[in-house]
Amino acid sequence: MTADPDPGRYLEHAIRLAVQNVGDGGGPFGAVVVTADGTVHEGSNRVTRDNDPTAHAEVVAIRRAAAASGSFDLSGAVLYASCEPCPLCLSAALWGRIERVYFAADRHGAARAGFDDAVFYEYFDGSRPDLLPVQHAEVDGADEPFDAWRHNENRTEY
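The protein chain is annotated in an unreviewed UniProt entry as Guanine deaminase of Arthrobacter cupressi.

Have a look at this one:
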């Protein structure tokens, strides 16, 4: 799919979802995934509603698009978000093989509203490793799952 030459209509849709979600008691974020066949899949922020820190609007829309298409590979799809996607959402878009991302508001507007994820960007650029220490630990059998995967003739590649 080639990205919509006028992303405004889908961004406006994502913004309407975000505003509606606030009215329904959720966070101010909405997203739309348009798959290669032109099908529209909506998502709104469900973090507080579902007590799920991963239920960002973009992730919800990606999950719905994948479920509806019956595939984890959303090649050719485009993600439209009411706000600049955070690192979690960008990672989900990468794993889903989303072709392109458009967003309306930026991370600075989100920060002014109390949604400041600057520290996450600092973590990923290496300037805040103390935020979440991650350490490799040597254990016997660590590669056994990969060996099982390589030897499984019925695996689904991804």
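On to the overall build of the protein chain. Secondary structure assignment for the protein chain yields seven helices and four strands. Its helices and strands in sequence order give the protein chain the pattern α-β-β-α-α-β-α-β-α-α-α, from N to C terminus. Within the span of the protein chain, comprising 158 residues, buried residues form 34% of the whole. A total of about 9900 Å² of accessible surface is found on the protein chain, and carbon and sulfur atoms cover 54% of it. One way to put it: in the protein chain the 13 positive side-chain charges average out to a point 6 Å from where the 25 negative ones average out.

Looking now at the packing of aromatic side chains. For the structure shown, the criterion picks out six aromatic pairs. Ring centres of Phe-29 and Phe-115 lie 5.0 Å apart, and the angle between their planes is 90°; on these two criteria the pair is classed as edge-to-face. Of this pair, Phe-29 sits in the loop between α1 (8–23) and β1 (30–34) while Phe-115 sits in the loop between α5 (107–112) and α6 (118–124); the two residues are 86 residues apart in sequence, bridging distant segments of the chain. Taking 5.3 Å as the distance between ring centres and 80° as the angle between the ring planes, the aromatic pair formed by Tyr-123 and Phe-124 counts as edge-to-face. With relative accessibility at 61%, the residue Phe-124 sits in the exposed group. Counting every residue linked through ring pairs, the aromatic cluster contains Tyr-10, Tyr-80 and Tyr-102. Above the face of the Tyr-121 ring, Arg-107 is positioned so that its terminal group lies 3.8 Å from the ring centre.

Time to look at the nonpolar core. Counting 18 residues, the largest nonpolar core has Val-33, Ile-62, Leu-74, Leu-79 and Ile-98 as its most contacted members. The set of elements that each furnish at least two residues to this core consists of β1, α3 (57–69), β3 (78–83) and α4 (87–95). Among the elements that make up this core, the one with the highest residue count is α3 (five residues). When residues no more than four places from it in sequence are discounted, the contact partners of Leu-74 are Thr-35, Ile-62, Ala-65, Ala-66, Ser-69, Gly-96, Arg-97 and Ile-98. Leu-11, Leu-17, Val-34 and Tyr-80 belong to the second-largest nonpolar core, a separate cluster that totals nine residues.

Rules of the game
Residues numbered from 1 in each chain as written. Predicted model: local features only at pLDDT ≥ 70, side-chain atom pairs only at ≥ 80, totals over all residues. Heavy atoms only, no water. Helix = DSSP H or I, 4+ residues; strand = E, 2+ residues; numbered from the N terminus. Buried < 20%, exposed > 50% of the residue type's maximum accessible area, 1.4 Å probe, protein only. Areas by Shrake-Rupley, 256 points an atom, 1.4 Å probe, with all protein chains shown as cover. Lys, Arg positive; Asp, Glu negative; His and termini not counted. Charge placed at Lys NZ, Arg CZ, Asp CG, Glu CD. Phe/Tyr/Trp six-rings, centres within 6.5 Å; stacked < 30°, edge-to-face > 60°. Lys NZ or Arg CZ within 6 Å of the ring centre and 35° of its normal. Core = buried A, V, L, I, M, F, W, Y, C linked by side-chain atoms within 4.5 Å. Contact = heavy atoms within 4.5 Å.

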